[in-house]
Amino acid sequence: MSPKTAILLLTAFVLATLVVSEEHEEVVPGVPVLRRFARANPPASGTCGNTFGPKCGDCRTLLSCLGSDPPANKENCAEKNPKTPYCVGSVCSATPDKNDQTCQEPAAKFRCTAEGYFPNPNSCSSYFICPDKGATAVAYICPPNFIYKSKLRGCGVKSNAMDCVTVDCSKTPNQFGVYKSDPAYYYFCLSNKNEKETVLMRCTDEVNGQYDEKVGKCTFQCTKEGNFVDVTDCTSYYTCYKVGGVFQVAKVKCPAGYAFDAGKQMCVKKSCTPLVTTQAPATTTVPASTTVPASSTAPTGPPTNTPTSSPTPPSSSTTSTDTD
């Protein structure tokens, strides 16, 4: 192989590596924040020994054991199910083992407004997992030079200072605001004589919902053309299309007894269960829906009562629509 050929191959390999690195960002889970008085050298975790079956590797990790080490599988209980973040005995549990001091942490100073993952509004390098609304949050911290990335539900590499976003309530007491790093989250700066707190909330649709400060509620935002199920009503969907290069969105209602099928991109006769069954803290209103014929394919353009080859955009369509 000539030196020139070797250089070209090396250059191609480096460029390919850079592309893969950009497209597949490294994501790692955070580490639980435990009590300061916990033992400095807790018992070794992640070992099965001669055990067959499930076993707790530590107070938050469930192992699948096949009689030897290493374990066949390791699962973080909180990430498997936020409602059961602790490992007790050989199962994930909603409450920790009271006799295990390494697993007892102080109540995180964070208000759980819903189940699931929440960024720390005061620190970009940590996050919380809430087992349920009103429950005690479990705090996690990212490794050095990593920050929490909500869309990835894990810790990603911090590229620059602009990646770190926190909330400053000093200038906006008792006001709502959008979380700049991920507009699917929003906050309220609670301030009175007795307490000051940044209360973080999340739009019901974490993927397509964004908090709109102008209207004070979460709205469905189109990022690409297509049809997307309403996460709170599986018999409805949102259709996103462009008019003059600008995204428009309208909500469409399936006929009675029908539900939207994302794979088939149409309303089909079946029963369904909404992806989200609990309501977000902030209430919203939804504009009038359009009903489509049961046999028709969900349109990728503006909805009409009778599908046509060249539908006319409804005058009420906007770039966003209210969603819970």
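Draft legend 1. Seen up close, the overall build of the protein. What the protein contains, in helices and strands, is 2 helices and 24 strands. Burial analysis of the protein (324 residues in total) assigns 40% to the buried set. In the protein, of all internal contacts separated by at least 6 residues, the share reaching a separation of at least 24 is 48%. Per element, the accessible surface of the protein, about 18300 Å² overall, is 55% carbon and sulfur.

Draft legend 2. A look at the packing of aromatic side chains. Under the counting rule described, the total for this entry stands at 12 aromatic pairs. Ring geometry for phenylalanine 220 against tyrosine 238: centres 4.2 Å apart, planes inclined by 20°, an arrangement best described as stacked. Taken together, the positions of phenylalanine 220 in strand S17 (residues 217-221) and tyrosine 238 in strand S19 (residues 233-243) put the pair 18 residues apart, joining distant regions of the chain. Taken together through their ring pairs, the aromatic side chains of Phe110, Phe118, Phe128, Tyr179 and Tyr185 make up a single cluster. Across from the ring centre of phenylalanine 247, 4.9 Å away, lies the NZ or CZ of lysine 242, which sits over that ring.

Draft legend 3. Structural context of the pattern of salt bridges. Inspection of the entire model under this criterion finds 11 salt bridges. When the shortest N-O distance is used, the salt bridge between arginine 202 and glutamate 206 registers 3.6 Å. With a shortest N-O distance of 3.1 Å, lysine 253 and aspartate 233 are connected by a salt bridge. Highlighted residues: lysine 253 in strand S20 (residues 246-253) and aspartate 233 in strand S19, separated in sequence by 20 residues.

Draft legend 4. Looking closely at the sheet that holds strand S4 (residues 61-66). A sheet is described by the order of its strands in space; here 3 strands give the open sequence S3-S4-S5, paired in antiparallel fashion. At either margin of the open sheet sits one strand with a lone partner, and together these are strand S3 (52-58) and strand S5 (73-76). Pairs of neighbouring strands in the sheet enclose a mean axial angle of 25°, with direction left out of account. As paired strands, S4 and S5 are joined by 4 bridges and run antiparallel to one another. By the bridge assignment for S5, leucine 62 is matched with glutamate 75.

Draft legend 5. Expanded view of the sheet that holds strand S10 (residues 138-141). Pairing in this open sheet of 4 strands is antiparallel, and the strands run S2-S10-S9-S8 from one edge to the other. Each edge of the sheet is formed by a strand with only one pairing partner; in this case those strands are strand S2 (31-32) and strand S8 (116-120). As defined by bridge partners, S2 adjoins S10 across 2 bridges and the pair is classed as antiparallel. Pairing of proline 32 across the sheet is with tyrosine 140, part of S10.

Draft legend 6. Structural detail: the state of the cysteines. According to the stated counting rule, one finds 11 disulfides in the structure shown. A sulfur-sulfur separation of 2.1 Å characterises the disulfide bridge that pairs cysteine 77 with cysteine 92. The sign of the -75° torsion about the S-S bond sets the cysteine 77-cysteine 92 disulfide as left-handed. Note that cysteine 77 is positioned in helix H2 (residues 77-80) and cysteine 92 in strand S7 (residues 91-93), a separation of 15 residues in sequence. Residue classification places cysteine 77 among the buried positions, given a relative accessible area of 0%.

So, how was this worked out
Residues numbered from 1 in each chain as written. Predicted model: local features only at pLDDT ≥ 70, side-chain atom pairs only at ≥ 80, totals over all residues. Heavy atoms only, no water. Helix = DSSP H or I, 4+ residues; strand = E, 2+ residues; numbered from the N terminus. Buried < 20%, exposed > 50% of the residue type's maximum accessible area, 1.4 Å probe, protein only. Contact = heavy atoms within 4.5 Å. Areas by Shrake-Rupley, 256 points an atom, 1.4 Å probe, with all protein chains shown as cover. Phe/Tyr/Trp six-rings, centres within 6.5 Å; stacked < 30°, edge-to-face > 60°. Lys NZ or Arg CZ within 6 Å of the ring centre and 35° of its normal. Salt bridge = Lys/Arg side-chain N within 4 Å of Asp/Glu carboxyl O. Pairing = 2+ DSSP bridges. Axes fitted to C-alpha atoms, helices over the stretch in contact; angles between N-to-C directions. Disulfide = S-S within 2.5 Å.

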